[in-house]
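Structure at a glance
These are the residues of each chain, in order.
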Amino acid sequence: MDNDIIIKTAHAMADAARVAVLPYFRAANLDAEDKGVSGFDPVTQADRAAERAMRDLLADTCAQDGILGEEYGNKSSESGLTWVLDPIDGTRSFIAGAPTWGVLIAVADETGPIYGLIDQPYIGERFEGGFGRSTMTGPQGTRPLKTRGSRPLVQSMLFSTYPDLTDPTETAAFNEVAAQVQLTRFGLDCYAYAMIASGQIDLVIESGLQPYDIQAPIAVIEAAGGIVTDWQGGKAHNGGRAVAAAGAEQHEAALEILSKY
């Protein structure tokens, strides 16, 4: 498929997801069903409406492409391309009214993600990466995305969604890195990855991820000059453990610790 068509389709999907999801945000009496996968794992009408809107658009424009989505499962690819969708990354933040959730859209081939969007509908920010593009569009207009670059851990800012990772061993690994950085914060969901791409922070370390959690952030961060791998330095697009970094120095220092676990 032509790259311009992919880009146009991805933005149209993000626009459609915005229309579908925003009426539910901070709405009174929003119902949240507990999927019970890991503690309280909510899904809402907003999650399902956003993914349906994106899938409907793909059915009209890219019917031969595959789909990997959080809420409605997999559709096999006939073209070699797969759209990887998380309609709301950060549903817990969504139901709490915090604007740190986002819509994640990636396009992947057999090597992994080749293009991605991180979209925050309420703030009106969209982060794009791939095919030579690395931009952020928001209330202040459009500007290039570029990571902070290399710096030592002692000068680095580290983020994660939760203070406790999937198991105690992983939490211990995270805490060992956190003990060496300048600042550690929690709770931004996919927005933390966007902050790496935009040059605000240095590291995100997480575990227990699904492919739809990480593929769009990989595309956006790598296009902005950053690095995303698993804890051993390999590919992270299949989920599991991931470390995203603004530069090689932070990445190598974090891996030196994380790879022991």
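Our structure's up above, just so we're on the same page.
Residues numbered from 1 in each chain as written. Predicted model: local features only at pLDDT ≥ 70, side-chain atom pairs only at ≥ 80, totals over all residues. Heavy atoms only, no water.

1. Notes on the pairing of strand β9 (residues 133–138)
Along β9, the buried face is formed by Ser134, Met136 and Gly138; none of Arg133, Thr135 and Thr137, which line the opposite face, is buried. Relative to β9, strand β8 (residues 125–130) runs antiparallel, the two sharing five bridges. By the bridge assignment, Gly129 is partnered in β9 with Ser134. Connecting the antiparallel pair β8 and β9 is a turn made up of two residues, with Phe131 showing a positive phi of about 55°. Here four bridges tie β9 to strand β10 (residues 141–144), and the two strands are oriented antiparallel to one another. Across the sheet, residue Gly138 finds its bridge partner in β10, namely Gly141. Counting the residues in the hairpin turn of β9 and β10 gives two residues. (Buried < 20%, exposed > 50% of the residue type's maximum accessible area, 1.4 Å probe, protein only. Helix = DSSP H or I, 4+ residues; strand = E, 2+ residues; numbered from the N terminus. Pairing = 2+ DSSP bridges.)

2. Here we look at the pattern of salt bridges
Summed over all chains, the structure comprises 10 salt bridges. We note a salt bridge from Glu33 to Arg48, for which the minimum N-O separation is 3.0 Å. In this pair, Glu33 is assigned in strand β1 (residues 32–34) and Arg48 in helix α2 (residues 45–61), connecting sequence segments 15 residues apart. Look at Arg48 and you get partly exposed, because its relative accessible area is 27%. When the shortest N-O distance is used, the salt bridge between Glu170 and Arg241 registers 2.7 Å. Remark: Arg241 occurs in strand β15 (residues 240–245) and Glu170 occurs in helix α4 (residues 168–178); sequence separation between them is 71 residues. Linked by salt bridges that have partners in common, Asp15, Arg18, Asp119 and Arg126 make up one network. (Salt bridge = Lys/Arg side-chain N within 4 Å of Asp/Glu carboxyl O.)

3. A word on the sheet that holds strand β6 (residues 102–109)
Strand order in the open sheet formed by eight strands is β4-β3-β5-β6-β7-β8-β9-β10, with mixed pairing between adjacent strands. Of all strands in the sheet, those bounded by a partner on one side alone are β4 (73–75) and β10. The sheet shows a mean angle of 15° between the axes of neighbouring strands, taken without regard to direction. Sitting on the sheet, helix α1 (residues 3–21) touches β5 (82–89), β6, β7 (112–120), β8 and β9, and the angle it makes with β7 is about 35°. (Axes fitted to C-alpha atoms, helices over the stretch in contact; angles between N-to-C directions. Contact = heavy atoms within 4.5 Å.)

4. Comments concerning the environment of Gln155
Relative to the helices and strands, Gln155 resides in the loop between β10 and β11 (157–160). Between the C-alpha atoms of Gln155 and Gln182, which are 27 residues apart in sequence, the distance is 5.2 Å. Sequence-distant contacts of Gln155, that is, excluding residues within four places in its chain, are made with Arg148, Gln182 and Asp202.

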